[in-house]
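Below, each chain spelled out in residue letters.
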Amino acid sequence: MEVAIIGANGQLGSDLVNVFGEKALPLSHDEIEVKDINSCRRALEDVDIVINCAGYINVDESEDNPEEAFMVNAIGAKNVALACNEKQMKNMYISTDFVFDGEKKEPYQEDDNPNPINTYGLSKYAGEILTRNLSLCGALPHDPASPVMAYKKALPKKYYIIRSSSLYGKKGARGKGGNFVDWMIEKANNNEVIKVVDDVEMSPTYTKDAAKMIKDMIEKELPFGIYHVTNRGHCSWFTFAKKIFEFFDIDAKLSPIKSDELNRKARRPKFSALENTKLNSFGLRMRSWEDALKDYLKEKQYSI
Ligand SMILES: NC(=O)c1ccc[n+]([C@@H]2O[C@H](COP(=O)([O-])OP(=O)(O)OC[C@H]3O[C@@H](n4cnc5c(N)ncnc54)[C@H](OP(=O)(O)O)[C@@H]3O)[C@@H](O)[C@H]2O)c1
C-alpha cells in the first residue's frame, strides 16, 4: 500500500510521513500546488490513497484573505478529488472542528450539522462538501471547469473526511509559525505574563496520535465517510495552558481572560470539542489529551 501525503512538511503531514514510513510518498508545497489541477495531476502518482493535509490555516488572516483561504482549502480539495478520480485513488481530506458554530455545548458528533462562523471554517466546510461530492469510484469523464458534471453522476463515493482540532506536534504548524504548547513554554521561560482565554473549549490533539489513528483507519479499511479524530476529552485553552505548566513543572504567570478581550478578526466557536463516535463504534480509541500532552512534552525533551 502506498500513501501520498500532501503538505508533507507541515505539522500533521510530517507525523503522517513518519508513521507510514516507506509506504509514504511525501509531497511538499514545492512538489504540488493544490490550487492547480495540472500540478495535482502531475504530482499524484498511482498510489492507493491520497491524504490532503494542505491548508491555509491562519484563522484571523483568512478574514482578510478569503480568496486564498478558499483557493487552498476548497478549490484545492476539489482539484485533489478530481485528480484522485482519474487514477482511481482513495481521497482523504483533513478538516477541522471550526466547521461547527460552537452552540451545541456538548461534544459534536460526525453527523451534527456544520455551521461555520468564520472564513477559515467556511472554506474548510466547502472543502468537505467538494471532497464528499466529487470523490467518486470509477473513471470520471469530467470537464475540470465543470465539476458539477461529476456531482451529477450518481457513482459511489470513496472519501474520508477527518475532522481534528487544536493540533500541536513536534514540527509546529507552518501556517501559524508554531504551536500553542511551545508558545506557552517559551513565554514562561521568558518570565512573561501569560493571558489565556478561559471561555473557549476544545479537544487539544497531538498530531502523532492523529497520524497513528489515520494509519490504523486506512489499514483496517474503515468504511468511507466523516470521522472525528481528536484526543479524548476537552478543556478550555486556559486549562490546557495550566496543565502544560503543571506537567512542565514551571511557575508561570498565567491568568484567564475572555476571548472578547483579544479583539481578534475571526470569531471562534465557544465550544468545539469533538466526540470520536465513529472511531469508537469500530473499537478504535484515542488516548486522553492529558496523556498525549505528557508524551509530547517528553518527546520535545521539555523536563517533566
Ligand atoms: N493546526 C490546527 O490546529 C488544525 C486543527 C484542525 C484541523 N487542521 C487541519 O489540518 C491540516 C494540517 O494542518 P497543520 O497544523 O499540519 O498545518 P501546517 O503545518 O501549516 O501544514 C500545512 C501544509 O500545507 C502546505 N500547503 C499550504 N498551501 C498549500 C498549497 N496551496 N498547495 C500545497 N501545499 C500547501 C504547507 O506547505 P508550506 O508551508 O510550504 O506552504 C504545509 O506543509 C490542515 O488542513 C488544517 O486545516 C489544523
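No experiment lies behind these values; they were computed from the predicted model shown. (Residues numbered from 1 in each chain as written. Predicted model: local features only at pLDDT ≥ 70, side-chain atom pairs only at ≥ 80, totals over all residues. Heavy atoms only, no water.)

Re the packing of aromatic side chains
Thought 1: Under the criterion given, the structure shown has 13 aromatic pairs.
Thought 2: Ring geometry for Tyr 160 versus Tyr 227: centroids 6.1 Å apart, planes at 50°, classification tilted. Of this pair, Tyr 160 sits in strand E5 (residues 159-164) while Tyr 227 sits in strand E10 (residues 225-228), and the two are 67 residues apart along the sequence.
Thought 3: Judged by centre distance (5.5 Å) and plane angle (15°), the rings of Phe 180 and Phe 240 are stacked. Remark: Phe 240 occurs in helix H9 (residues 237-248) and Phe 180 occurs in helix H7 (residues 180-189); sequence separation between them is 60 residues.
Thought 4: Since its relative accessible area comes to 1%, Phe 240 is described here as buried.
Thought 5: Taken together through their ring pairs, the aromatic side chains of Tyr 168, Phe 180, Tyr 206, Trp 237, Phe 240, Trp 289 and Tyr 296 make up a single cluster.
Thought 6: Taking the ring centre of Tyr 227 as reference, the NZ or CZ of Lys 278 above it sits at 4.4 Å. (Phe/Tyr/Trp six-rings, centres within 6.5 Å; stacked < 30°, edge-to-face > 60°. Helix = DSSP H or I, 4+ residues; strand = E, 2+ residues; numbered from the N terminus. Buried < 20%, exposed > 50% of the residue type's maximum accessible area, 1.4 Å probe, protein only. Lys NZ or Arg CZ within 6 Å of the ring centre and 35° of its normal.)

Comments concerning unusual backbone geometry
Thought 1: Backbone geometry places Lys 105, a non-glycine residue, at a positive phi of 70°.
Thought 2: Classification of Lys 105 as exposed rests on a relative accessible area of 58%.
Thought 3: Here Asp 249, not a glycine, exhibits a phi torsion of approximately 60°, which is positive.
Thought 4: Its place among the elements puts Asp 249 in the loop between H9 and strand E12 (253-257).
Thought 5: The exposed category is assigned to Asp 249, whose relative accessible area is 67%.

Brief notes about the sheet that holds strand E1 (residues 3-6)
Thought 1: Spatially, E2-E1-E3-E4-E5-E10 is the arrangement adopted by the 6 strands of the open sheet, whose pairing is parallel. Bordering the open sheet on either side are strand E2 (24-27) and E10, each of which pairs with just one other strand. Ignoring strand direction, the axes of neighbouring strands in this sheet form an average angle of 20°.
Thought 2: When E1 meets strand E3 (residues 49-52), the two strands line up parallel, connected through 4 bridges. Pairing of Ile 6 across the sheet is with Asn 52, part of E3.
Thought 3: Contacts between helix H4 (residues 66-86) and the sheet are confined to E1, E3 and strand E4 (90-96), with E4 contributing the most and set at about 165° to the helix. (Pairing = 2+ DSSP bridges. Axes fitted to C-alpha atoms, helices over the stretch in contact; angles between N-to-C directions. Contact = heavy atoms within 4.5 Å.)

Digging into the environment of Pro 223
Thought 1: Relative to the helices and strands, Pro 223 is located in the loop between helix H8 (207-219) and E10.
Thought 2: Residues Pro 223 and Ser 166, 57 residues apart in the sequence, show an inter-C-alpha distance of 25 Å.
Thought 3: Each residue touching Pro 223, except ones within four places of it in the same chain, is listed here: Tyr 160 and Phe 282.

A few points about the pattern of salt bridges
Thought 1: Applying the stated rule across the entire model yields 20 salt bridges.
Thought 2: Here Lys 23 and Glu 219 are joined by a salt bridge, their closest N and O atoms 3.3 Å apart. Within this pair, whereas Lys 23 is found in the loop between helix H1 (11-20) and E2, its partner Glu 219 is found in helix H8, the two being separated by 196 residues in sequence.
Thought 3: We classify Lys 23 as partly exposed; its relative accessible area is 30%.
Thought 4: Lys 215 serves as the salt-bridge partner of Glu 219, at 3.3 Å between the closest nitrogen and oxygen. With Glu 219 and Lys 215 both in helix H8 and 4 residues apart, this pair spans about one turn of that helix.
Thought 5: Among the ionic contacts, a cluster of salt bridges with common partners joins Lys 170, Lys 208, Asp 209, Arg 287, Asp 295 and Glu 299. (Salt bridge = Lys/Arg side-chain N within 4 Å of Asp/Glu carboxyl O.)

Remember that the coordinates give geometry; whether it matters functionally is a separate question.
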